[in-house]
Amino acid sequence: MRVMTLTLADVLAAQKTIAGIATDTPLVPSPFLSDKSGTEFLLKLEIAQPIGAFKLRGAMNAIANLPGDVPGATCCSTGNHGRGVAFAARERGIRAVVCMSSMVPKAKVDGIRALGAEVHIAGESQDEAGAESLRLSEEEGLAQISPFDDAQVIAGQGTIGLELLAQRPDLETILVPLSGGGLAGGIALAAKTIKPSIRVIGISMDRGAAMHESLAAGRPVEVTEVASLADSLGGGIGMHNQYSFDLCRRYLDDTLLVSEEDIYAGMQALYYEDRLVAEGGSAVGVAALLAGKLERLKGPVAAIITGRNLDMAIHAAIIAGDDVTLGETTIRGRRYGT
Ligand SMILES: *Cc1c(COP(=O)(O)O)cnc(C)c1O
């Protein structure tokens, strides 16, 4: 199993490599969520990264470790990994080509172009976008960087675990948004190697939760991709997953699911109570707490607020309590506090 080759030493090396580019982010208390949970509840603000999401950590580590003669990098991304690769490639002075499906919100596409990367729109799913990225790597020699199943990417994301325990050695639980599992796998590897008693819980939306389903099945399984407020958690984990599945299987204590309504309420609470703009995928930990899905939570708890790159028209509708229609689903709105 290749998972054996990824250790705390890789995460410590990544921390040195990305220092000064990916920011050490604040860990701030949430009085409201502490009150709701009955324990100290902290928010790790990855929204403070220069690209507005944690994915810069992994992308920067992967791109910094590419061979000297590489002409550029390519990836397929629901948005934030694309931003990370674009930013990191620009830092290093190489070309970046980001492949995305047509499901990705326009705000994310524009954000990536603004960072100087080329964008290729290919197909209607992450898998189809992945095939285009593979083609570019084979035909043009670009290094293909997986958003979650790459050792350097996982090591980079794992630096959040190091930072959390340096900030609060007394942490007992970490709530991590879970999609491909690079983030949760990296954080859990780092945090549990340093402090084996810490609990790490992965949280996904209940529509197309690939890692959750795969862990239950004991092997990578395909899921149908549907529109969700947590668009950055969409996509499969890859049928030939090399790292993130094994890491999650080995290190995660639990995974759980939240509904679109839960995510909507989580985004509202983060805005009204903590004054934060958080994209749906980053609000799932708070959503789970508010929906009563985190019983016997042991604190201090840190929830990773992973990103803030969302369509502001959708955010405005949620803040106003309006209905939101995504693809074929309508999420019933509700005024905050009613
Ligand atoms: C990518 C992403 C995640 C999930 O990370 P994985 O490594 O794919 O599990 C969570 N939140 C946001 C905002 C993301 O962009």
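Residues numbered from 1 in each chain as written. Predicted model: local features only at pLDDT ≥ 70, side-chain atom pairs only at ≥ 80, totals over all residues. Heavy atoms only, no water.

(A) Summary view of the sheet that holds strand 5 (residues 118-121). Across the sheet, four strands lie side by side as 5-4-3-6; this open sheet has parallel pairing. Single-partner strands in this sheet number two, and they are strand 5 and strand 6 (143-144). Of the strand pairs in this sheet, strand 4 (residues 95-100) and strand 5 are connected by four bridges, and their pairing is parallel. When the sheet's bridge partners are listed, valine 98 is paired in strand 5 with valine 119. Contacting strand 3 (72-76), strand 4, strand 5 and strand 6, helix 6 (residues 126-140) crosses the sheet at an angle of about 160 degrees to strand 3. (Pairing = 2+ DSSP bridges. Helix = DSSP H or I, 4+ residues; strand = E, 2+ residues; numbered from the N terminus. Contact = heavy atoms within 4.5 Å. Axes fitted to C-alpha atoms, helices over the stretch in contact; angles between N-to-C directions.)

(B) Looking closely at the domain arrangement of the chain. Domain parsing of the chain yields domain 1 (8-53 + 150-331) and domain 2 (55-144). The C-alpha centroid of domain 2 is placed 22 Å from the C-alpha centroid of domain 1. Tallying the contact residues gives 34 residues for domain 1 and 23 residues for domain 2. Of the roughly 2300 Å² buried where domain 1 meets domain 2, counting both sides, 59% is carbon and sulfur surface. Looking at the side of domain 1 facing domain 2, the largest losses of area belong to Ile21, Ile51 and Glu225, adding up to 27% of the total buried there. In this structure, the connection of domain 1 to domain 2 is made through two salt bridges. We note a salt bridge from arginine 57 to glutamate 46, for which the minimum N-O separation is 2.6 Å. Across the domain 1-domain 2 interface, the total number found is 11 residue pairs in polar contact (both at pLDDT 80 or more). Breaking the side of domain 1 that touches domain 2 down by element, the ones donating at least two residues are helix 1 (8-18) and helix 7 (151-167). Considering every element that reaches the side of domain 1 that touches domain 2, the biggest residue donor is helix 7, with eight residues. (Domains from an automatic or database assignment. Buried area = accessible area lost by both parts, 1.4 Å probe. Salt bridge = Lys/Arg side-chain N within 4 Å of Asp/Glu carboxyl O. Polar contact = N/O pair within 3.5 Å; in protein donor to acceptor, adjacent residues only side chain to side chain.)

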